[in-house]
Amino acid sequence: MIPAKFYRYVFAFIMSAFMAFFMSFVLTYLNLGFVDGFVKIWLTAYIKAFMVAYPVIFFIAPLAAKIAQKICNK
């Protein structure tokens, strides 16, 4: 298992992998529809989206958590 001190890295990796996967699928479909070569186009978009999503989630998730804590009742 991965030590707990790496939780933030692992969380950002998993979250960005899922978000990029679904968002790239939806946006590829909305922009192109199910065209020939859809899967290849989608997976190319996924790789690019993941490369952006990981650092964004890594740095933004703590800020988003703090804002959510301030907005929500305890």
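Bear in mind that the values here come from a model prediction, so they are computed numbers and not experimental data.

What counts, and where the lines are drawn
- Residues numbered from 1 in each chain as written.
- Predicted model: local features only at pLDDT ≥ 70, side-chain atom pairs only at ≥ 80, totals over all residues.
- Heavy atoms only, no water.
- Helix = DSSP H or I, 4+ residues; strand = E, 2+ residues; numbered from the N terminus.
- Expected span 1.5 Å × (residues − 1).
- Buried < 20%, exposed > 50% of the residue type's maximum accessible area, 1.4 Å probe, protein only.
- Contact = heavy atoms within 4.5 Å.
- Polar contact = N/O pair within 3.5 Å; in protein donor to acceptor, adjacent residues only side chain to side chain.

Lay out helix α1 (residues 7-32) in plain terms, naming residues and giving numbers.
For α1, with 26 residues, the first-to-last C-alpha span of 37 Å sits near the 38 Å given by 1.5 Å per residue. Every buried residue of α1 is listed here: A12, S16, A17, A20, S24 and T28. Buried residues in α1 make contact with α2 (38-71). One or two steps after α1, the chain reaches G33, where phi turns positive at roughly 75°.

Describe the side chain of T28, listing the residues and the values that go with them.
Relative to the elements of secondary structure, T28 occurs in helix α1. In terms of polar contacts, T28 uses its side chain to reach the backbone carbonyl oxygen of S24, at 2.6 Å. Not counting the four nearest positions on each side in its chain, T28 is found in contact with G33, F38, I41, W42 and A45.

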